[in-house]
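Read off the chains here:
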Amino acid sequence: MMKPAEGQAFLTELYNSGAQFKGVNIGDKEFDQYSKQLAQLAIAKGMSPAETGNLGGTVLGLQDFSKFGDNASEKALGKANSAVSIMGRGKGRNATLLSQFSMLSSSAMNEDEMKGVFTDSDEVATVISVMAEKHDAQAAELAKMAIRGLRGFDKEQGDLLKKAGITAQTKFVDAIKQLAPVVEKEAKERNVKVEDVLASHFTEHGAVDALGVAINKGVSGGVFADREAFAKTVQGPEPALKDIEDLMASPRGVMRQAEADMVLASLERGQENDSFEIVRRQAAAKLMRDKQLDTTEKNLDDFIVNKASFGMLGDATQRRIDQQALKTIIDRAPAGALSQDDVKGRLMITPEQVEGYGADLMEKIRKAKGDPLRDVGRPNLPQDMVPLTAPIEGAWNDPAGQLGGGQIASFGWQSALTASVVGAVPADQPKASASAATEGRAESILTAMLEELRKMNEANSKGREIRPIQARPYVQTR
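Criteria and cut-off values
Residues numbered from 1 in each chain as written. Predicted model: local features only at pLDDT ≥ 70, side-chain atom pairs only at ≥ 80, totals over all residues. Heavy atoms only, no water. Salt bridge = Lys/Arg side-chain N within 4 Å of Asp/Glu carboxyl O. Helix = DSSP H or I, 4+ residues; strand = E, 2+ residues; numbered from the N terminus. Buried < 20%, exposed > 50% of the residue type's maximum accessible area, 1.4 Å probe, protein only. 1 Å grid on protein atoms, 1.4 Å probe; cavity = no way out; pocket = protein on both sides within 12 Å on 5 of 7 lines; lining within 4 Å. Points joined across faces, edges and corners; volume = space filled by probe spheres on them. Nonpolar A, V, L, I, M, F, W, Y, C, P; charged D, E, K, R; others polar. pLDDT = per-residue confidence, 0-100. Contact = heavy atoms within 4.5 Å. Expected span 1.5 Å × (residues − 1). Phe/Tyr/Trp six-rings, centres within 6.5 Å; stacked < 30°, edge-to-face > 60°.

1. Some details on the pattern of salt bridges
Logical step 1: Scanning the model with the defined rule gives 26 salt bridges in all.
Logical step 2: Note that Arg93 and Asp136 form a salt bridge whose closest N and O atoms lie 3.1 Å from each other. Placement of Arg93 in the loop between α4 (72-88) and α5 (94-110) and of Asp136 in the loop between α6 (121-131) and α7 (139-150) is noted, with a sequence separation of 43 residues between them.
Logical step 3: Residue class for Arg93 comes out exposed when judged on its relative accessible area of 51%.
Logical step 4: Residue classification places Asp136 among the buried residues on the basis of a relative accessible area of 10%.
Logical step 5: The closest approach of N and O atoms between Arg366 and Glu363, which form a salt bridge, is 4.0 Å. Taken as a pair, Arg366 and Glu363 lie in helix α18 (residues 354-367) at a separation of 3 residues, close to a single helical turn.
Logical step 6: Among the residues examined, Arg366 registers a relative accessible area of 34% and is labelled partly exposed.
Logical step 7: Overall, Glu363 belongs to the partly exposed group, its relative accessible area being 37%.
Logical step 8: The structure contains a network of salt bridges with shared partners spanning Arg89, Glu133, Asp226 and Arg227.

2. Focus on empty space enclosed by the protein
By rolling a water-sized probe across the atoms, one finds the places where empty space is left.
Logical step 1: If you walk through the whole model with that rule in mind, you get 2 cavities of 30 Å³ or more.
Logical step 2: By volume, the largest cavity amounts to about 80 Å³.
Logical step 3: Counting residues per element, the ones that place at least two in the lining of the largest cavity are α7 and α9 (172-190).
Logical step 4: Residues that form the lining of the largest cavity fall into these classes: 7 nonpolar, 2 polar and 2 charged.
Logical step 5: Quantified by volume, the second largest cavity comes out at close to 50 Å³.
Logical step 6: Every residue along the wall of the second largest cavity is listed here: Arg319, Asp322, Gln323, Ile349, Thr350, Pro351 and Val354.
Logical step 7: In terms of residue count, the dominant contributor to the lining of the second largest cavity is helix α16 (residues 316-331) (3 residues).
Logical step 8: Across the lining of the second largest cavity, the residue classes tally to 3 nonpolar, 2 polar and 2 charged.

3. What about the confidence of the model for the protein chain?
Predicted coordinates in regions of low pLDDT should not be interpreted in detail.
Logical step 1: For the protein chain, the mean per-residue pLDDT works out to 80, and 74% of the residues sit at or above 70.
Logical step 2: No element of the protein chain has a lower mean pLDDT than helix α19 (residues 412-422), at 40, and none a higher one than α4, at 95.
Logical step 3: Low pLDDT, under 50, characterises residues 380-436; the predicted model gives this stretch 65 contacts beyond four residues in sequence or across chains.

4. Topic: the environment of Asp294
Logical step 1: With respect to the element layout, Asp294 can be found in the loop between α14 (251-289) and α15 (296-308).
Logical step 2: A C-alpha to C-alpha distance of 9.7 Å links Asp294 and Ala284, two positions 10 residues apart in sequence.
Logical step 3: In this view, Asp294 contacts Met288 and Asn299; residues no more than four positions away in its chain are not counted.

5. Things to note about helix α11 (residues 205-220)
Logical step 1: When the terminal C-alpha atoms of α11 are compared, their 21 Å separation across 16 residues agrees well with the 22 Å that a helix rising 1.5 Å per residue should span.
Logical step 2: What α11 keeps buried is the set Gly206, Ala207, Val208, Ala210, Leu211, Gly212, Val213, Ala214, Ile215 and Gly218.
Logical step 3: Buried-residue contacts for α11 involve α6, α7, α9, α10 (194-201) and α12 (223-231).
Logical step 4: Of the residues flanking the end of α11, it is Gly222, one or two places downstream, whose phi is positive at about 80°.

6. A closer look at the packing of aromatic side chains
Logical step 1: Applying the stated criterion across every chain, the model contains 3 aromatic pairs.
Logical step 2: Seen in terms of ring centroids, Phe65 and Phe68 are 6.5 Å apart; in terms of plane orientation they differ by 40°. Their pairing is tilted.
Logical step 3: According to the relative accessible area criterion, Phe65 is buried, its value standing at 1%.
Logical step 4: Taking the centre distance of 6.1 Å and the plane angle of 65° together, the rings of Phe118 and Phe172 count as edge-to-face. With Phe118 in the loop between α5 and α6 and Phe172 in helix α9, the pair connects residues that are 54 residues apart, well separated along the chain. Across the pair, Phe172 and Phe118 agree in class, each one buried.

Structure below.
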C-alpha cells in the first residue's frame, strides 16, 4: 500500500543495503516476501520508507535467516520490528534512529576492528537507544568510539580492560557491564567522577565521552536493563504481523490502499497515453506558433464557446489542441496505414474518446512501420521544435512607424531580450564568431530598448510638461 514514490525510496534502500544477502542469508523468494511485509510494517508504524528499507537490508546481514526455510521472511520481519520497537522506547527521532542503526550495523559488518562485535540486531538497537540519550544523530559514532576504546588492549587502557575481564571475544554490552563496576569503584575510592577515571585510562577524548554515556546512562541509569526487558516482549514475527493486520483492517489502512491504488491507476493510464500526450504537446506548440492558441482573440473565442455550450462540448481550448494532435498523427501516417473512417472520425470524436482514439491511430501507424511522433521523412525532431535557434528578424524594425506611438513591432523587446540571453544569433552568422556575437547581443538590445523607449517618451509627451520621477529613499519602519 505504499505509493509509487514511497515504494521507490523503500526498495532502493532495501536493495542498496540488503541485495548482497539475497540468496545468501535469505532465499530469493523469501526476500521478496520480506520486502512486501516490511513495507507494510513501515506504513503501520509510520516510519520513513527509505530508512526502513535501509534498516531492513542491514538486519539481513547480521544473522543467517536461510536456516528457517519458508519462515525466513517472518523471522527477519520479527527482528526488524523488534529493533525498531527497542529504539522507539527511548529518546530520538524515528528516522534518525533508523539511520543510526544502519550506520552502526554496516560498520560492524565491514570495519575490521568492529567485526564480530554484534551478532544480533537487538543488540545494535539497544546500543543506539542508549547512546541516543546523549544525542540521537551521533548515536552510531558514539558507539563506535566506545567500541574502539574497548578494543585498545595494547594501549594505556589495557590494564583496566584486563582488570574488568574484557577480551576480544566479549560482546559490547557485556563489556560495558563488566567495566562499569570497576570504574565506579575507582571513582568512589578517588572521590571523582566516572568521566575522570575514564580520562585517566583512555587517551581518546571520544572514547571517554562515549563510555561515560554507556556507563552512566546504560548501566547506572538502567537503560540497558530496560531495553533488554522490553525486547523480550516484542520478539518473533507475531507483534509485527499483528501491527500489519490492524492497519489493514483500520480506516487509515483502507484509505492508504485506496490512495495507493488510485495513484497506480493514474500511472497505468498515463503509461497507456504517454505517446499521445507527447503529440498533444507538439500540437500545442504549433498552435502557439501559428497564433491559434493563447492569444487575446482565441481566448475570447474559447470563453464564448464554453459559455454558450454550458461546457457540454468540453473545454474549447483543449478541443482545439486535441484536434490539432489528431490531425498531426494522421498527417504522419504512411500511405494506407489509416482508412477514410479513421481520418474522418476525428471530427466526430468526443472529449472522453480523444485519448483512446489517438492511441488507436498511433498503434495503426506503428504497425505500418511509421512513427506517429515525427513528421514523415524526418528522422529527427523538426527544426521548429527547438525554439530560439532561428534569427530574430524584425525585432527592432518599425516600418509602420508604430514605435513612437507606444507599440513595439514583431517579437517586442521582452522576447528579444530573452532570446539574447539564451544565445540566439542570426542564421548567417559564422559559427566561429557566434560566441562573440552572443556576448555583445544583450548589450546591443538593451541599448536599442533604451533608445526606443526614449523615442516613445518624446512622442507621447509632446505638448505637455514632463516631470521626472523623484527617487525616494528607502526608509525602514518598525
